[in-house]
Amino acid sequence: MVEIARTSLANESLALTALDGRYRAAVAPLVDYLSEAALNRDRIHVEVEWLIHLTDNSVLPGTSPLTAEQKAALRKIVTDFNADSVQELAEIEAVTVHDVKAVEYYIANRLEGIGIAQLKPLVHFGCTSEDINNLSYALGVQGGVQQVWLPAARDLVAQLTKMAEDSRDVPMLSRTHGQPATPTTLGKELAVLAWRLTRQLDRVEKTEYLGKINGATGTYAAHYASVPNADWQQISQGFVEHLGLTWNPLTTQIESHDWQAEVYADIARFNRILHNLCTDVWSYISIGYFAQIPVAGATGSSTMPHKVNPIRFENAEANLEISNGLLDTLGATLVTSRWQRDLTDSSSQRNIGSAIGHSVLAISNVAKGLDRLDVAEAVLADDLDHNWEVLAEAIQMVMRAEAIAGVEGMDNPYERLKDLTRGHRVDAARLKEFVGELGLSAEAEQRLQSLTPGTYNGIASQLVDHLKK
């Protein structure tokens, strides 16, 4: 066996995962919300706002509201947070071996320069680490979902909706169980997927992002021991809502994370529907219903020059599956914590960015894939013309209606059409001959004689209008 000579890359600034390497550009906006650096910036934001909140309300005897300049200087600690800040925090944490304690010291070290060194004891006052963490994660997830994931998903559904509207009148052979079935239109089938995806987006849009700040076991024990005359529940609620979150009044040491499980389930459901879109479109491409527009200079296969592969949809499928694996794990893990808390949530939540990142990457790929499709109307029309037997349903239903109306000779319509069409190819001439021999009323016969597989699609085109509601 030949051993591979390797030079170590461990000390280089190289990505370990695909999201931070090959696919960085597609997911870069999430870094502002769901990276480790963003988490620390949000922790500083929460700590600073808590200090301001306590002083604004003169909660502790001996405190008074800060000046506008002092508040601005405190908030500048957040807005100035950068790569150097990340390094400084890392150096502090190397000593504390505690990430949130490092944030506390990081802020306290700057108070003298603002002229409020006497308020160092007020930084992190009454807080357990999870008071800061739960609020920081809530802000990060809220930002990542509302500012990155939802806009990307909404744009994709808008793109799909336009495709549905543009192809609403393009007749298409349906396939149930993979076999020819009652025709539809391409636009109506795309509209079904757009409708399903929109429902999930509406659910995500309504997500409540919960937060708490109530101490080591959710009882405000330290708060009342130190400042017994304050209304700590009102202070807590006011602060959480000031951050733009929903107050959770009943928790253990941790915020229960149920809201996270809810939004991850909704995103995962969106992912599953999008996965269904990918497999459907991939299949339509494989039978020629869509033609892919080649990208200039691109290679489909390293050995087969003719290939234009549906790689965008295949890539999306894989990323949706990875995203859902993580989202499902997060949803299952985060709702359980031993007694008043264990650390499983801390390790799990560090993967939120990856879970949502793979979904964002998939959305990007689907959008690019859809953008390179042309509808092959001639192929769809030819497929319909080779499947006249799908009109059997229409004929037997008309026979039933005629029987109810009192027309003679309409017995056993299903069985008669089954004998004619099941397992057989029936062309236009044979089907029209069969209709002419049934003894239908003149109006019913004329209706069926004018019907073709391309026109037998009910109100499929009109149904696309539901997307506008």
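Residues numbered from 1 in each chain as written. Predicted model: local features only at pLDDT ≥ 70, side-chain atom pairs only at ≥ 80, totals over all residues. Heavy atoms only, no water.

- Under an unreviewed UniProt entry, the protein has the name Adenylosuccinate lyase and belongs to Glutamicibacter protophormiae.
- For the protein, the Sequence similarities (unreviewed entry) comment in UniProt is given as "Belongs to the lyase 1 family. Adenylosuccinate lyase subfamily." (UniProt positions renumbered as here; feature names shortened; annotations may be inferred.)

## Things to note about the overall build of the protein
(1) Moving on: Within the protein, the secondary structure is distributed over 20 helices and six strands.
(2) Moving on: Taken over C-alpha atoms, the radius of gyration comes to 31 Å for the protein, far larger than the 23 Å a tight globule of 469 residues would show.
(3) Moving on: Along the first, second and third principal axes, the C-alpha set of the protein runs to 100 × 65 × 45 Å.
(4) Moving on: Here the protein holds 469 residues, and 46% of them are scored as buried.
(5) Moving on: A sequence separation of at least 24 residues applies to 77% of the contacts in the protein between residues at least 6 apart.
(6) Moving on: By element, 52% of the accessible surface of the protein is carried by carbon and sulfur atoms, the whole surface being about 23800 Å².
(7) Moving on: Counting 40 positive and 60 negative side-chain charges, the protein places the averaged centre of each group 1 Å from the other. (Helix = DSSP H or I, 4+ residues; strand = E, 2+ residues; numbered from the N terminus. Rg over C-alpha atoms; globule rule 2.2 N^0.38 Å. Buried < 20%, exposed > 50% of the residue type's maximum accessible area, 1.4 Å probe, protein only. Contact = heavy atoms within 4.5 Å. Areas by Shrake-Rupley, 256 points an atom, 1.4 Å probe, with all protein chains shown as cover. Lys, Arg positive; Asp, Glu negative; His and termini not counted. Charge placed at Lys NZ, Arg CZ, Asp CG, Glu CD.)

## Notes on the environment of Ser-359
(1) Moving on: The topology assignment puts Ser-359 in helix α14 (residues 352-371).
(2) Moving on: With sequence-adjacent residues up to four places away left out, Ser-359 is seen in contact with Trp-149, Ile-267, Asn-271 and Ser-323.
(3) Moving on: Only 2.8 Å separates the side chain of Ser-359 from the side chain of Asn-271, close enough to count as a polar contact. (Polar contact = N/O pair within 3.5 Å; in protein donor to acceptor, adjacent residues only side chain to side chain.)

## Structural notes on the UniProt feature "domain: Adenylosuccinate lyase PurB C-terminal" (unreviewed entry) in the protein
(1) Moving on: Under the present numbering, the feature "domain: Adenylosuccinate lyase PurB C-terminal" (unreviewed entry) in UniProt falls on residues 337-456.
(2) Moving on: Helix makes up 62% of residues 337-456 and strand makes up 2%, while its end C-alpha atoms are separated by 57 Å.

## Some words on the packing of helix α3 (residues 36-56) against helix α10 (residues 232-242)
(1) Moving on: Their axes nearest at 11 Å, the elements α3 and α10 cross at an angle of 135°. Judged on the interaxial angle alone, α10 and α3 are oblique. Where α3 crosses over α10, the handedness of that crossing is right-handed. Packed against α3, whose contacting residues are Val-46, Glu-49, Trp-50, His-53 and Leu-54, the element α10 presents Trp-232, Ile-235, Gly-238, Phe-239 and His-242 at the interface.
(2) Moving on: Residues belonging to the contact of α3 with α10 are distributed by class as follows: six nonpolar, three polar and one charged. (Axes fitted to C-alpha atoms, helices over the stretch in contact; angles between N-to-C directions. Parallel < 35°, antiparallel > 145°, perpendicular 65-115°, else oblique. Left-handed = near helix turned anticlockwise from the far one by under 90°. Nonpolar A, V, L, I, M, F, W, Y, C, P; charged D, E, K, R; others polar.)

## Brief notes about the nonpolar core
(1) Moving on: Judged by nonpolar contacts, the single largest core of 110 residues is most densely connected at Ile-44, Leu-74, Trp-149, Trp-232 and Leu-370.
(2) Moving on: A total of 16 residues in this core trace back to one element, the largest contributor, which is helix α7 (residues 129-166).
(3) Moving on: Every residue in contact with Trp-149, bar those within four places of it in the chain, is listed here: Gly-144, Leu-201, Val-204, Ile-267, Phe-270, Ile-356, Ser-359, Val-360 and Ile-363.
(4) Moving on: Membership of the second largest hydrophobic core comes to 20 residues, among which are Trp-388, Leu-417, Leu-431 and Phe-434. (Core = buried A, V, L, I, M, F, W, Y, C linked by side-chain atoms within 4.5 Å.)

## A short note on the pattern of salt bridges
(1) Moving on: Applying the stated criterion across every chain, the model contains 26 salt bridges.
(2) Moving on: Asp-131 serves as the salt-bridge partner of Lys-212, at 2.8 Å between the closest nitrogen and oxygen. Here Asp-131 lies in helix α7 and Lys-212 lies in the loop between β3 (210-211) and α9 (221-226), a separation of 81 residues in the sequence. The same class applies to Lys-212 as to Asp-131, namely buried.
(3) Moving on: In this structure, a network of salt bridges that share partners links the residues Glu-36, Arg-43, Asp-99 and Arg-350. (Salt bridge = Lys/Arg side-chain N within 4 Å of Asp/Glu carboxyl O.)

## Things to note about the pairing of strand β1 (residues 171-176)
(1) Moving on: Of the strand pairs in this sheet, β1 and strand β2 (residues 179-185) are connected by five bridges, and their pairing is antiparallel. By the bridge assignment for β2, Thr-176 is matched with Gln-179.
(2) Moving on: Joining the antiparallel neighbours β1 and β2 is a turn of two residues, in which His-177 adopts a positive phi near 60°. (Pairing = 2+ DSSP bridges.)

## Re α3
(1) Moving on: For α3, which comprises 21 residues, the first-to-last C-alpha distance of 30 Å matches the rise-based estimate of 30 Å (1.5 Å per residue) to within 8%.
(2) Moving on: Counted residue by residue, α3 has 16 buried out of 21 residues, so it is predominantly covered.
(3) Moving on: Residue Ser-58 follows α3 closely and has a positive phi angle near 45°. (Expected span 1.5 Å × (residues − 1).)

## Considering unusual backbone geometry
(1) Moving on: Its identity is not glycine, yet His-177 carries a phi of approximately 60°, on the positive side.
(2) Moving on: Classification of His-177 as exposed rests on a relative accessible area of 80%.
(3) Moving on: One non-glycine residue with positive phi stands out, namely Asn-412, at about 50°.
(4) Moving on: Relative to the helices and strands, Asn-412 resides in the loop between α16 (392-404) and α17 (413-421).

## Re the environment of Ile-285
(1) Moving on: Tracing the chain through its elements places Ile-285 in helix α11 (residues 258-286).
(2) Moving on: It is 27 Å that separates the C-alpha atoms of Ile-285 and Lys-468, two residues lying 183 residues apart in sequence.
(3) Moving on: Ile-285 has contacts with Phe-290, Gln-292, Pro-310, Phe-313 and Leu-373, leaving out every residue within four places of it along the chain.

## A short note on the side chain of Ser-129
(1) Moving on: Locating Ser-129 in the fold gives a position in helix α7.
(2) Moving on: A residue is classified by how much of its surface remains accessible, and Ser-129, at 18% relative accessible area, is buried.
(3) Moving on: Every residue in contact with Ser-129, bar those within four places of it in the chain, is listed here: His-98, Val-100 and His-124.

## A look at helix α5 (residues 83-96)
(1) Moving on: Given a rise of 1.5 Å per residue, 14 residues ought to cover 20 Å, and the 20 Å separating the end C-alpha atoms of α5 matches this to within 8%.
(2) Moving on: Along α5, the residues that are buried comprise Ser-85, Leu-89 and Ile-92. Down the axis of α5, the smallest arc covering the buried residues is 65°, so these residues share one side. Turned more than 90 degrees away from the buried face of α5, the exposed residues are Ala-83, Asp-84 and Ala-94. (Arc of directions from axis to C-beta.)

## As for the side chain of Thr-251
(1) Moving on: Its place among the elements puts Thr-251 in the loop between β4 (246-247) and α11.
(2) Moving on: By relative accessible area, Thr-251 is classed as buried at 12%.
(3) Moving on: A distance of 2.9 Å separates a polar atom in the side chain of Thr-251 from a polar atom in the side chain of Asn-214.
(4) Moving on: Residues contacting Thr-251, with those up to four places away along its chain left out, are Lys-212, Asn-214, Thr-217 and Gly-218.

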